[in-house]
Every structure is written in C-alpha cells, then in structure tokens.
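Listed below are the residues making up each chain.
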Amino acid sequence: MKGIQNLKLVKKRVLIRVDFNVPLDKNQKITDASRIKAAIPTIKEIIKKSGTVILISHLGRPKSKDPKLSLKPIAKKLSELLCQKVVFSKDCIGEQTLSDIKKLKPGNIILLENLRYYKEEEEGNVDFAKKLSSLADVYINDAFGTAHRAHASTYTITRFFKNSRYCGRLLEKEITNLDLILKKSKNPFTAIIGGAKISSKIDIILSLLEKTDTIIIGGGMAYTFVKALGGSVGNSIVEEDKLVLAKKIIQQAKEHSVDLILPVDSINSASFSNNEKTSSSDIYKIPKESIGLDIGSKSISIFKKHILSSKTVLWNGPMGVFEFSKFANGTKSVCQAVCDSTYGGAFSLIGGGDSIAAAKLCGLSEGFSYVSTGGGAMLAYLEGKSLPALKALS
Ligand code: AMP
C-alpha cells in the first residue's frame, strides 16, 4: 500500500473515502465526533498539497434516501473543526454533484451525500464505483471502520485508480498500532473480551489463544461459560447453542497454556433495568429469578491484578450493562485498571463502539496507548483475516 507522503497534487481532485459513520441522537445531533476528528490529518495534508478534497462516506443503514441519515450535519461539524468552509453536495454521483465539484478551487473541501442512499454501494456495484471514480484523479482510503467490507467505495472503486490509489494517514496509523498487538506484543499479554454474546467474538477469542498469556472474559458472554461449567446463572443471558463451544474454548485455552479468567461473582437484578434493588452472589450460584448484569468486586480485584502486571493489554467489550449506572462499576474499574497499566508503561489498545463509549463515560478515553476507530474491522484484522479494502489498495 502506498502512503500519501510523496503525492504531488497541485490542481488534482482527490476522492477520500472516510468513515463518518458517527452516532447521532434523535435530533440528528452528533453525540461523538471522534471519527470526524480522526480523518482531519489526511484532509489537512491534501489541502497543504493544494489538492481539492472530495469526501465520501456512509452513515447508518438507510433503507432508502432517509433524510435522518443525511451527511449534512457532518459537513457543518467538519467545517467547525477545520475552521474552513465545507461545501455539501446533495448527492454523491450525477450532474449536480459534478457541477458542485467543478466550482471548487485547490484547497477547497466538499462532502458528498450518504453513499448508502444507493444500494449499489453495499453491493460493490461496478457502475456505481465507476461513477464515483469519475469525480476525481486520485483515490485515498482512510476509512478503517469499513475496511472489512468489499463495498463499491472501499473495494470495487480501486480498479479505476490502478496507479493512483493510496492509504490515508488514519488507515496507516490503525495498521501500525494493530501490528504492535499482532506482531510485536510484549508479554505478559492480556486480552479482555466482554460484551453481550460469545457468538460475535468466537473468532477473536480463538485467534487470541495463539498470542496471549491471559484472556479475561466479562459481560454477558461470561454466563454462557459459567453455565457450561455447571454453574447456575438464573435468568442471565446464555447462548444455549454455544455451551459446547464454551467448554471447547476452555479446553483449548488449557492446551495453549493460556489463563482463561472468568468472573467469580456477579451483580444481579430481578429485571433488565436500572430500577431494581441489586444484589451480589457467587457467579456459579445466581438465584433462579435473578439476572447477572455486572461483574462483582472479587472479580474486579482478580481482573485488576492481571491487567496491572501486563505489558500488552487489548480490550474489546464491556464487563456489564454499563449503560445502566447500577451496572457500570465493573466496566469502569476495568477501564481504570487498563489506564493505570498504560501509565505504568504497558501498551494498551481498545476498540469497538461500546468499549469506547464506556471509556468516555468514565472520562478515561485519553488514557490508552491507542483507541481504534474500527469495531468489526479491528477484530477482523486481529483475527488475521485479509481485509478487502486493504487488499484492494495494494
Ligand atoms: P457487544 O456489542 O457484543 O460488545 O456487546 C455490548 C453490549 O453488551 C452492551 O450494550 C452491554 O449492555 C451488553 N452487556 C454487557 N454485559 C451484559 C450482561 N451481563 N447481560 C446482558 N447484556 C450485557
């Protein structure tokens, strides 16, 4: 993959695929602009080189041209962040877009409307990719969050820029940092995997067995492991069809001499809400009518000990239902421990929307060595899978 450092761009139109798939509230207000901020180094570099910046992105999963998923508010936010005008085009292909682009001068920026207003984007459609490619002379992919997708704007399009496709600064930074985990991690290496279900994290757990010394399991998925070991987990979330697999993972961890650490206690509630009285119990003896929604204090102490003695820490997925204040303590404590470990010299990397949201909730998003903008893409890269968008750039 070629980087953008040696690009000569005077009077060139540069199409940059960014990942502006940001969270919005009910009023289309951006609740977290991290992904927009992350794209700024590449944009600034292209402006400095006197290129004309044409930004393309998707936002959400619109079924049709849903105005609630327009990129217009993002153009405004980007303009505020850059202190520079950002033109917004109401479409991403066609006459109007072409005419909007023709009015631009070197150093100007335009953001085009949501790519996913066209179903052809996700289909990887060649004609759609060709239309997008006709807007510019040079293509840069800086959208790590979608690098695991073979879409028109991330994959198909590269065939129309055979000698002029490049890897943006963010994409480069993501790969450098993920490679520190994948290829250069120092031991002891601890991975903390949480979240609702095992099913979405099987591949990453299996691949981490090859690399880590310790895997800490928290969140909803821990209850499937505990049940597989014969524990009583009440009404906690359990994937019945993954019980055999959970047992197999425990066995494989032993074969790889990896310490697979499960919680020992649980914070429980009578219902899935923040309104009930909470109680704590041994995680293997949760009362029949209770639901485990967070890890308990004994688990936190054990997890902390491992995290603080690690030289590499990877964290993906919360330890409990952190969205409810009564069940956020486990996630907050683990978050704090990862930051303390980083302060003590460990390399830490976190990723996945929920882990980042949890870190923000704790006011600790600055305390990690690297925060990846990718969720699915980060996991796929760490699993050793080939990411279509990266392959297409090389
Ligand atoms: P994931 O997207 O798989 O990383 O899962 C994140 C979600 O897992 C968050 O929305 C949490 O609320 C949820 N979660 C964490 N712990 C539990 C639990 N004990 N029971 C149910 N959901 C949980």
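If you're wondering where the values come from, they're calculated on a predicted model, not measured in any experiment.

## As for the sheet that holds strand β14 (residues 291-295)
Here comes step 1: As summarised here, the arrangement of the 3 strands in space is β12-β11-β14, forming an open sheet in which the pairing is antiparallel. The open sheet has two edge strands with one neighbour each: β12 (279-282) and β14. Each adjacent strand pair in this sheet contributes to an overall mean axis angle of 45°, direction not counted.
Here comes step 2: Judged from the 4 bridges that link them, strand β11 (residues 265-269) and β14 form a sheet pairing that is antiparallel. Within β14, the residue paired with N268 across the bridge is G292.

## Describing the pairing of strand β8 (residues 214-217)
Here comes step 1: Residues T214 and I216 point to one face of β8 and I215 and I217 to the other, with burial holding for every one of them.
Here comes step 2: As paired elements, strand β7 (residues 189-193) and β8 share 4 bridges and run parallel to each other. When the sheet's bridge partners are listed, I193 is paired in β8 with I217.
Here comes step 3: In terms of handedness, the path from β7 via helix α7 (residues 202-208) over to β8 forms a crossover that is right-handed.

## What about the environment of K227?
Here comes step 1: Relative to the assigned elements, K227 resides in helix α8 (residues 221-228).
Here comes step 2: On the accessibility criterion, K227 (32% relative accessible area) is partly exposed.
Here comes step 3: Placed 56 residues apart in sequence, K227 and I283 show a C-alpha to C-alpha distance of 9.5 Å.
Here comes step 4: The contact partners of K227, leaving out residues within four places of it in the chain, are V233, V238, E240 and L243.

## Quick word on the packing of aromatic side chains
Here comes step 1: Evaluation of the coordinates by the stated rule reveals 4 aromatic pairs.
Here comes step 2: With a centroid separation of 5.3 Å and an interplanar angle of 65°, the aromatic rings of F272 and F324 are classed as edge-to-face. With F272 in the loop between β11 and β12 and F324 in the loop between β15 (312-316) and α11 (329-343), this residue pair connects regions lying 52 residues apart in the sequence.
Here comes step 3: What makes F272 exposed here is its relative accessible area of 54%.

Definitions and limits used
- Residues numbered from 1 in each chain as written.
- Predicted model: local features only at pLDDT ≥ 70, side-chain atom pairs only at ≥ 80, totals over all residues.
- Heavy atoms only, no water.
- Pairing = 2+ DSSP bridges.
- Helix = DSSP H or I, 4+ residues; strand = E, 2+ residues; numbered from the N terminus.
- Axes fitted to C-alpha atoms, helices over the stretch in contact; angles between N-to-C directions.
- Buried < 20%, exposed > 50% of the residue type's maximum accessible area, 1.4 Å probe, protein only.
- Right-handed = clockwise from strand over helix to strand, strands pointing away.
- Contact = heavy atoms within 4.5 Å.
- Phe/Tyr/Trp six-rings, centres within 6.5 Å; stacked < 30°, edge-to-face > 60°.

Take it as geometry only, folks, not as evidence of what the structure does.
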